[in-house]
Amino acid sequence: MKTEVRLGSVVKHGVGGPEAGAINLIYSYLLHEHGQDFYKRIGINQIGGDLNEFVSKEAGNKIHVNIRYPVFDDFESRQPEEKNKIRLDVIHSSLMRIAEKDKRLSISQLELIKEKILENNFSFKIMCKLFVSTVSNDLVAKLIVYPEMNKFDYYVLIENQGKVVCDQWIYSGITDLIYFPELFSEGRWRGDKEFVITGKCREVEIRILIDDCKIEYKNLSPYDRPPYFEMMRADISSEEKEKADEDWKHSLPPAVAGITRRADN
């Protein structure tokens, strides 16, 4: 995906925050799929009456939109479907404003993207990475992410000659892809019976045993639980996350750990 969409807000009860991660990823994916990925980054900011609306191009092929949109005092307590539709409207309205200034953006394609999101009820499975076997081009592993408002679920699909032979959930992460390179960016085949996923931080190996469609996790860190892997999970308690955060800081070089601790204060 060439375009990164980021929805934020500077108003109380705004549409930004971690829950916006899913719609950000869905839009980034669909803009690419529909040939509308002209910008490296599209930043959208919901503002109040104290700020001015504008569309501004920035360095590095980026663009920023300030948009004034109604604020709902009960936004946080609304149903997920309602929140999704509000966020969809904010992003779509912002993209239409960009299209007024940049004729490369197709209004008809933007309308199709909005319709597709509604038709799919905000449910998409997006391929993040494809690993072709060194043994046979017919054997591939696909790393799939299913973005939801409170988590990103990751799956591995093993296909042989276009047929799915294994489909397994492997991880539930926070609603961002910042950790993807560190945890899931690398994969290697061990013959035609095993596929291994790891990342730049080298904390965990995720082994997929293809014949049995079985998942095994190997902790490569010196800690009881791999710190970064645990810290980025969405399905653990706040106490577990706090312990993972402390272990991660402990694993850093002293100078970097000191800077990180000062930034937390």
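Here, residues in each chain are numbered from 1, in the same order as that chain's written sequence. Two thresholds apply to this predicted model, a pLDDT of at least 70 for residue-level local features and 80 or more for giving and counting side-chain atom pairs, whereas whole-chain, interface and lining totals are computed over all residues. Computation of side-chain values covers all heavy atoms of the structure but excludes hydrogens and water.

Of note, Phe-122 is a non-glycine position whose phi angle comes to about 65 degrees, a positive value. With respect to the helices and strands, the residue Phe-122 is situated in the loop between helix H3 (107-119) and strand S5 (126-132). Even without being a glycine, Cys-213 presents a positive backbone phi close to 50 degrees. The numbering of helices and of strands both runs from the N terminus, where a helix is a DSSP run of H or I of at least 4 residues and a strand a run of E of at least 2. Counting through the fold element by element, Cys-213 comes out in the loop between strand S11 (204-209) and strand S12 (214-219).

Our next topic: the side chain of Ser-94. Following the sequence through the fold, Ser-94 ends up in helix H2 (residues 80-101). Between two residues, a contact is recorded if the distance between any of their heavy atoms is within 4.5 Å. Non-local contacts of Ser-94, meaning those with residues more than four positions away in its chain, are made with Ile-44, Val-65 and Ile-67.

Here the focus is a nonpolar patch on the surface. Here the term patch refers to residues with relative accessible area over 30% and no salt bridge, with like charges joined within 9 Å and nonpolar side chains (Val, Leu, Ile, Met, Phe, Trp, Tyr) within 5 Å. Here, Shrake-Rupley sampling with a 1.4 Å probe gives the accessible areas, and only protein chains in the shown set may cover a residue. Throughout this description, the term salt bridge denotes a Lys or Arg side-chain nitrogen within 4 Å of a carboxyl oxygen of Asp or Glu. A surface patch of nonpolar side chains, amounting to about 250 Å² of accessible area, comprises Met-127, Leu-130 and Val-132. Along the chain, the position of Met-127 falls in strand S5. Three exposure classes are used, based on accessible area relative to the maximum for each residue type with a 1.4 Å probe and protein chains only: buried under 20%, partly exposed in between, and exposed over 50%. Given the relative accessible area of 41%, Met-127 is considered partly exposed.

The next thing to look at is the state of the cysteines. In this description, the term disulfide denotes a pair of cysteine sulfurs within 2.5 Å. Applying the stated rule across the entire model yields one disulfide. Here Cys-166 connects covalently by a disulfide to Cys-213, the sulfurs 2.1 Å from one another. Residues Cys-166 and Cys-213 are joined through a disulfide that is right-handed, its torsion about the S-S bond being 85 degrees. Separated by 47 residues along the polypeptide, Cys-166 in strand S8 (residues 163-173) and Cys-213 in the loop between S11 and S12 bring together distant segments of the chain. The cysteine Cys-201 is free of any disulfide, with Cys-128 supplying the nearest cysteine sulfur at 16 Å. Accessibility expressed as a relative area gives 26% for Cys-201, which makes it partly exposed.

On to the packing of helix H1 (residues 21-33) against H3, then. To obtain each axis, a line is fitted to C-alpha atoms, and for helices this fit is confined to the stretch in contact; angles are then taken between N-to-C directions over 0 to 180 degrees. Direction vectors running N to C along H1 and H3 enclose 130 degrees, while the axes themselves pass 10 Å from each other. When the interaxial angle is binned, H1 and H3 end up oblique. Considering how the two elements wind past one another, H1 and H3 form a crossing that is right-handed. Mapping the contact onto sequence places Ile-23, Ile-26, Tyr-27, Leu-30, Leu-31 and Glu-33 in H1 and Leu-110, Ile-113, Lys-114, Lys-116 and Ile-117 in H3. Looking at side-chain class alone, the contact of H1 with H3 contains eight nonpolar, no polar and three charged residues. With respect to orientation, any angle under 35 degrees is reported as roughly parallel, any angle over 145 as roughly antiparallel, any angle of 65 to 115 as roughly perpendicular, and every other angle as oblique. The handedness criterion is simple: a crossing whose near helix is rotated anticlockwise from the far helix by less than a right angle is left-handed, and one whose near helix is rotated clockwise is right-handed. When residues are grouped by polarity, Ala, Val, Leu, Ile, Met, Phe, Trp, Tyr, Cys and Pro land in nonpolar, Asp, Glu, Lys and Arg in charged, and all others, Gly among them, in polar.

Attention shifts here to the environment of Ile-117. Within the secondary structure, Ile-117 is located in helix H3. As a C-alpha pair, Ile-117 and Met-96 span 21 residues in sequence and 16 Å in three-dimensional space. Sequence-distant contacts of Ile-117, defined by excluding residues within four places in its chain, comprise Ile-23, Ile-26, Tyr-27, Leu-30, Leu-88, Phe-122 and Phe-124.

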